[in-house]
Amino acid sequence: MPEMQLLRPDHASALLAFERENRAYFAASVPDRGDDYFARFDERLRGLLAEQEAGVCYFHVLVGAEDEVLGRINLMDVADGAAELGYRIAERAAGRGLATRAVRKLCDLAANSYGLTFLRAATTLDNAASRAVLARSGFAVVGETQLSGRPGLSYRRSLADFRTRPGALAAG
């Protein structure tokens, strides 16, 4: 499995390459980030790192053997023992269980490093792959939602089982 690393300033060029290379692929299942995202990438990255420093969010990248970014997996809006999970996997790395392994590893980190007790997530109804990842990772559907005007589902996952089995995903 690629190494999960907390986002750092030196990830900038690989992260931007990841976002550019996968833009059309991502846009097929999640709302596009828009041209402004790419035009103001450095400014946006500084903002993300400031949020991370403040403990409001934890942004991670999945780094491959060639130091390329193969995915992003993030915890956003950290408050009251909870956070919102979000992730993106490169098209060339999709379909091999990477997202599921990364989500499980992040659940372990969330419980044991960040002190969280549960996570929330959401995905559109037409994103079958993301729905499958969430289901395989122990997330339960808790309701319906709209994501950029598209119908979706909201999920929740308790992290209690990760707290009782620290490091259980090491063999993952």
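Since we're looking at a predicted model, the values are computed, not measured. (Residues numbered from 1 in each chain as written. Predicted model: local features only at pLDDT ≥ 70, side-chain atom pairs only at ≥ 80, totals over all residues. Heavy atoms only, no water.)

Student: Account for the sheet that holds strand 2 (residues 58-63), naming residues and giving values.
Tutor: Paired through their backbone hydrogen bonds, the strands of a sheet run either parallel or antiparallel. Taken in spatial order, the 7 strands make up an open sheet running 1-2-3-4-5-7-6, and their pairing is mixed. The open sheet has two edge strands with one neighbour each: strand 1 (3-6) and strand 6 (140-147). Ignoring which end each strand starts from, the neighbouring axes of this sheet average 25 degrees apart. With 3 bridges joining them, strand 4 (residues 82-89) and strand 5 (residues 118-124) adopt parallel strand pairing. Note that in strand 5 the partner of alanine 83 across the bridge is leucine 119. Each of strand 2, strand 3 (69-79) and strand 4 touches helix 1 (residues 12-21); the most contacted strand, strand 3, lies at about 100 degrees to it. (Pairing = 2+ DSSP bridges. Helix = DSSP H or I, 4+ residues; strand = E, 2+ residues; numbered from the N terminus. Axes fitted to C-alpha atoms, helices over the stretch in contact; angles between N-to-C directions. Contact = heavy atoms within 4.5 Å.)

Student: An account of unusual backbone geometry is needed here, citing residue identities and associated values.
Tutor: Most of the time, phi is negative for any residue but glycine, and the peptide bond is trans. One non-glycine residue with positive phi stands out, namely aspartate 77, at about 55 degrees. Positionally, aspartate 77 belongs in strand 3. The phi dihedral of serine 148 is positive, around 50 degrees, even though this residue is not glycine.

Student: Can you break down the packing of aromatic side chains residue by residue, with the values?
Tutor: Within this structure, the stated rule accounts for 5 aromatic pairs. Considering the side-chain rings of tyrosine 37 and phenylalanine 38, the 5.1 Å spacing of their centres and the 85 degrees angle between planes classify their relative orientation as edge-to-face. Phenylalanine 38 carries the same exposure label as tyrosine 37, and that label is buried. Aromatic rings pair up to connect Phe18, Tyr25 and Phe26 into one cluster. In this structure, arginine 88 is placed above the aromatic ring of phenylalanine 26, and the distance from its NZ or CZ to the ring centre is 4.8 Å. (Phe/Tyr/Trp six-rings, centres within 6.5 Å; stacked < 30°, edge-to-face > 60°. Buried < 20%, exposed > 50% of the residue type's maximum accessible area, 1.4 Å probe, protein only. Lys NZ or Arg CZ within 6 Å of the ring centre and 35° of its normal.)

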